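Descriptive analysis of the structure
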Amino acid sequence: MRSIHRHLIFWLLSCLLVLCLVAIISIIAAFRRSLVAEFDRSLIPQLNNAQLILRPGPLGFNSEINRSPDVYIQAWDSDTQNTLYKSENLGKRKLPFREVNNHSTEHWDFTFENGEQIRLAATGILTFTGRGEDLAGNAVVVAVAKDRSSLESAVRRLLFSAGAIGLLGSLFTAAIAVWVLRKGLKPLDHLGEKVDRIDSGTLADRLETGGMPAELLPFANRINELLDRLEAAFVREREFSSDLSHELRTPIAEIRSIAEFAMMYPNRAEESDYQNIFETTERLTAIVEAQLALSRIESSHELEGHEQMDLEEFIPVIWKSYSNAAEEKSIRSNLTFEGPRHLKTHPGILTTILENLFSNAVEYTPESGSITFELIPGDSDDIFRISNTAPNLEDADLDKLFNRLWRKQESRSDANHFGLGLSLARACAKALGFRLIPKLDSGELSITLSLDSPN
Amino acid sequence: MRVLVVEDSDQIRRVVAGSLEESGYAVDATAEGDDGLWMAETYDYDVAVLDIMLPGMDGLTILKKLREAGKEVPVLFLTAKDQISDRVAGLNAGADDYLIKPFAIEEMLARVNALCRRKFGKHDTVVKVADLALDLNAKKITRQGKTLDIPSRYFSILEYLILNAGKVVSRTEIESHIYDEMVSPMSNVVDVAIHSLRKAIEVDKFCKPLIHTRRGQGYVLEERD
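Starting from 1, residues in each chain are numbered consecutively following that chain's sequence as written. By the order in which they are written, chains take letters starting at A while ligands take numbers starting at 1. This being a predicted model, a pLDDT of at least 70 is required before a residue's local features are given, and a value of 80 or more before pairs of side-chain atoms are given or counted; all residues contribute to the totals for chains, interfaces and linings. Calculation of side-chain values draws on the structure's entire complement of heavy atoms; hydrogens and water are dropped beforehand.

**Regarding the interface of chain A and chain B**
Listed by partner, the interface residues are 25 residues for chain A and 26 residues for chain B. Summing the contributions of chain A and of chain B, the shared interface buries around 2,300 Å²; its carbon and sulfur component is 55%. It is A:Arg249, A:Phe261 and A:Arg268 in chain A that bury the most area against chain B; as a group they hold 23% of the surface buried on that side. Counted as salt bridges are all cases of a side-chain nitrogen of Lys or Arg within 4 Å of a carboxyl oxygen of Asp or Glu. For the pair chain A and chain B, the interface holds five salt bridges. Of the charged contacts, one joins A:Arg268 and B:Glu21 as a salt bridge, the two residues approaching to 2.8 Å between their closest N and O atoms. Side-chain atoms alone can form a polar contact between residues adjacent in sequence; in general such a contact is a pair of N or O atoms within 3.5 Å, and within protein one must be able to donate a hydrogen while the other accepts it. Where chain A packs against chain B, one counts 13 residue pairs in polar contact (both at pLDDT 80 or more). In DSSP terms, a helix is any run of H or I states spanning at least four residues, a strand is any run of E spanning at least two, and both are numbered starting from the N terminus. Breaking the side of chain A that touches chain B down by element, the ones donating at least two residues are α3 (217-264) and α4 (272-299) of chain A. It is α3(A) that contributes the most residues to the side of chain A that touches chain B, 16 residues altogether. Split by residue class, the side of chain A that touches chain B holds six nonpolar, nine polar and ten charged. A contact between two residues is defined here by any heavy atoms of the two lying within 4.5 Å. The buried area of a pairing is the accessible area, by a 1.4 Å probe, that goes missing from both parts when the two are put together, added over both. Residue polarity is assigned by list, with Asp, Glu, Lys and Arg as charged and Ala, Val, Leu, Ile, Met, Phe, Trp, Tyr, Cys and Pro as nonpolar; anything else, Gly included, falls into the polar class.

**Description of the domain arrangement of chain A**
Residue ranges labeled as domains rest on an automatic or database domain assignment. Splitting chain A by domain gives domain 1 (4-155), domain 2 (197-281) and domain 3 (300-451). Here the C-alpha centroids of domain 1 of chain A and domain 3 of chain A sit 108 Å apart.

**Topic: the environment of B:Lys81**
Topologically, B:Lys81 is positioned in the loop between β4 (75-79) and α4 (84-92). Think of it in three bands: with a 1.4 Å probe and only protein chains considered, a residue is buried below 20% of the maximum accessible area for its type, exposed above 50%, and partly exposed in between. By relative accessible area, which is 17% here, B:Lys81 ends up buried. Taking the C-alpha atoms as reference points, B:Lys81 and B:Tyr98, separated by 17 residues in sequence, lie 9.9 Å from one another. Beyond its immediate chain neighbours, meaning those up to four positions away, B:Lys81 contacts A:Ser242, B:Ile52, B:Met53, B:Asp86, B:Tyr98 and B:Ile100.

**Regarding the domain arrangement of chain B**
Residue and element names in this part refer to chain B. Splitting chain B by domain gives domain 1 (2-119) and domain 2 (126-221). For domain 1 versus domain 2, the separation of C-alpha centres amounts to 26 Å. Counting the surface lost from both domain 1 and domain 2, the interface buries some 1,100 Å², and carbon and sulfur atoms represent 42% of this. Three residues stand out in domain 1 for area buried against domain 2, namely Arg2, Gly24 and Arg117, and they jointly supply 37% of the buried area on that side. The tally of links between domain 1 and domain 2 comes to two residue pairs in polar contact (both at pLDDT 80 or more). Elements with a contribution of two residues or more to the side of domain 1 that touches domain 2: β2 (26-30) and α5 (105-119). Of the residues that constitute the side of domain 1 that touches domain 2, the class distribution is five nonpolar, three polar and six charged.

**Considering the pairing of β4(B)**
All names here are of chain B. Extensive coverage of β4 is indicated by the burial of five of its five residues. Taking every second residue as pointing to the same face, both faces of β4 are buried, with Val75, Phe77 and Thr79 on one and Leu76 and Leu78 on the other. Note that strand β3 (residues 47-50) and β4 share three bridges and pair parallel. Within the sheet, the bridge partner assigned to Leu50 lies in β4 and is Phe77. Here is how to tell: hold the view so the strands point away, follow the path from the first strand over the helix to the second, and if it runs clockwise the crossover is right-handed. On the question of chirality, the crossover connecting β3 to the parallel β4 by way of helix α3 (residues 59-68) is right-handed. Two strands qualify as a pair provided that DSSP identifies no fewer than 2 bridges between them. Relative to strand β5 (residues 97-100), β4 runs parallel, the two being bridged by four bridges. Paired with Leu76 across the strands is Asp97, a residue of β5. Once you follow β4 into α4 and on to β5, the crossover reads as right-handed.

What follows is the structure in structure tokens.
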């Protein structure tokens, strides 16, 4: 599994290691170059001395001049490469010849057969023999050499020291880097742990954003918003399960109890038991059919059979079925049609919307209350509005109004309704591209059918 | 034994009350939560069977108010609320048992019986006083090994006396536990019943009397030398 922590540590340590290696190598190379240059500079006086040795004096080569015992000297005729001079300390060994121009100096390393490592400095000079017309110039290469084991030893010591310091430095830097990374990524780890603890039982908890780094704040805020929505969804789901459980379990319990009671105590069975079982079964059937209708509507993508409808004619026909029930409750009803309104929509689905809205209004309007229906003419996004007296509703109820099986009456004792009508109306409205907008004002509930996306 | 049933479904209420009556309980039943609270506070019930979702006042509030009033009546919640959180809330509120709808009548009766036994501190389903034995589950009375056929209206009194064996039980107490609220408190129904009961548990003329009268106090069921 990819880990930002491990990823950062890997790359940071790798880069640090490479940087350290480059730094150590550079330092060692610079120091070595400096040591070699110093060594070479120490050979120059010896080379100058050697040139003096080779200047022919009255007694031939001035071989006794200031000669150092640890310095090897050899001179060659540049043309023939014949040795002109060789210091005694070389014995049978020879220094390697190299062509060198006059007045220029060259340095190089050489290892004798016995393993002795030396470093040479060589230059080209002109020597003259004879006098007057007999004066003849001769190109000579002079080389001096010194054992370079001290130089190699110094370089090794430097290499070891630099390696040791580099290693310790790398380890120390790596430790600091790891510590800084851990410290720096702690808020991220903390956030990860908190998010990891989120489950269905801790949905009410929120991520603490106080003191959180600015980079993580948007994540935490977004997670908190998601948790808000998730918690609300869980609550809705729980309420729905609980309501559905009640709506189904109660009628099943009634049927079962009546049957079991009649079997256990036949003398106490009543004629009305059959009627009760029938009515309860009817209620169960209605619940199941409403649920199925809701599922069908919610899963339908395209509804065929749209027609151009004159709502001014259509709506009073639907209302007629509910007007008697409204009159029985002494409800004042007022249907206002200020002008024609034509709409191309599905008549069957629109009928379901209207039936559920009218039924809901008549059922929940208290006696002597009022129901107002207003058809909005023209091309307004709002199509119609139905308002009714609803003294018991509160603003908080508006959020739940369209929830499946929601009922204001917590006891759910009323067997004639089960809280699916408005859910079905909303699902139908959505399927037709409308939405139902509830509003509560001074004890009056109004529900407006409006275009979901204008035009 | 007297049981209160508060249930808003007419069918379920009738069945629960009827089953309990058939099992020898005196039953008062109502559909309204606030009526249920009033009855539970007014009368001394041996068990209360409450629905949770009730019109007027929900079952949890009834239970809470009863406990606040110091009423220790055992409560069985009979409800469609089936989630664990609902059961936990019910039991934490002080309910003694929780039964989810739909339910088997036998199970409901067994649970009510168990609550009654628990109320009287009896763990065994068979309670004995001398040679008289009462099987609380089978609702069967035997004396000297012979099964006695006792009318249900007397059976409840005998059951109450056996469960309170050795204690003096007043007429008022018997009335409130055995008869429902329809019985007139001025009637001599208890005296008549005790008289009949004494005869009913008399297997032969050598049987020792077990139900004794304490003048001005009531009755006691115990074995005396």
